[in-house]
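Analysis of the macromolecular model
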Amino acid sequence: MTTRYSEDHEYIRVDGEFGTVGITNYAQDQLGDIVFVELPKVGQKLKKGDEAAVVESVKAASEIYSPASGTVTAVNDKLGSEPGLINTSPDADGWIFKLTLDNAGDLDSLMDDAAYAKHTS
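Residues numbered from 1 in each chain as written. Predicted model: local features only at pLDDT ≥ 70, side-chain atom pairs only at ≥ 80, totals over all residues. Heavy atoms only, no water.

**So, the overall build of the protein**
Counting secondary structure elements, the protein contains 4 helices and 9 strands. Counting helices and strands in the order they occur from the N terminus, the protein gives β-β-β-α-β-β-β-β-β-α-α-β-α. In terms of overall dimensions, the protein is globule-like: its C-alpha atoms have a radius of gyration of 13 Å, near the 14 Å expected for 121 residues. Reported as C-alpha extents along the three principal axes, the dimensions of the protein are approximately 35 × 35 × 20 Å. In the protein, buried positions account for 44% of the 121 residues. Put simply, 59% of the contacts in the protein that link residues at least 6 apart link residues at least 24 apart. Per element, the accessible surface of the protein, about 6,300 Å² overall, is 45% carbon and sulfur. Distance between charge centres in the protein, computed from 10 positive and 21 negative side chains, equals 3 Å. (Helix = DSSP H or I, 4+ residues; strand = E, 2+ residues; numbered from the N terminus. Rg over C-alpha atoms; globule rule 2.2 N^0.38 Å. Buried < 20%, exposed > 50% of the residue type's maximum accessible area, 1.4 Å probe, protein only. Contact = heavy atoms within 4.5 Å. Areas by Shrake-Rupley, 256 points an atom, 1.4 Å probe, with all protein chains shown as cover. Lys, Arg positive; Asp, Glu negative; His and termini not counted. Charge placed at Lys NZ, Arg CZ, Asp CG, Glu CD.)

Shown next as structure tokens:
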């Protein structure tokens, strides 16, 4: 499994042709307490960079962009009643959506762990 990061602080954890998308710990920390999440629809086609979801916190609303092109195969329904999962577990229980990748080449322009750490320091 490989994890890549966008400049907008989304992560995508890739396993074969499937990706799990969420926001990074850095992003949730900057947003503060998450109070609402608008999820994409299962079956929705997304192009890399498309707005996929919206996360609202006590500080601001923030668009979540798809870090790769693909079709949404699952959404984290728990976030409807527990949006704070993004704060407590952004890279595990707080994932936002899953997709089937259209083009693995989309991942080439994303950052690895080291580059993302440098990006946020």
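**Observations regarding the sheet that holds strand β5 (residues 45-46)**
Taken in spatial order, the 6 strands line up as β1-β2-β3-β9-β8-β5 in an open sheet, and their pairing is antiparallel. The sheet terminates laterally at β1 (2-5) and β5, the two strands that pair on one side only. In this structure, strand β3 (residues 18-23) lies alongside strand β9 (residues 97-101), joined through 4 bridges in antiparallel fashion. Residue pairing across strands places V21 opposite F97, the latter belonging to β9. (Pairing = 2+ DSSP bridges.)

**A word on the sheet that holds strand β7 (residues 61-65)**
One open sheet holds the 3 strands; their spatial order is β4-β6-β7, and the pairing between them is antiparallel. Single-partner strands in this sheet number two, and they are β4 (34-38) and β7. Sheet twist, expressed as the average angle between the axes of neighbouring strands with direction ignored, equals 25 degrees. (Axes fitted to C-alpha atoms, helices over the stretch in contact; angles between N-to-C directions.)

**A word on the pattern of salt bridges**
Pairing between side chains of opposite charge can happen when their charged atoms approach one another. Under the definition given, this model contains 1 salt bridge. The closest approach of N and O atoms between K45 and D102, which form a salt bridge, is 3.3 Å. Placement of K45 in strand β5 and of D102 in the loop between β9 and α4 (113-119) is noted, with a sequence separation of 57 residues between them. Under the relative-accessibility criterion, K45 is labelled exposed at 53%. The exposure class assigned to D102 is partly exposed, which follows from its relative accessible area of 48%. (Salt bridge = Lys/Arg side-chain N within 4 Å of Asp/Glu carboxyl O.)

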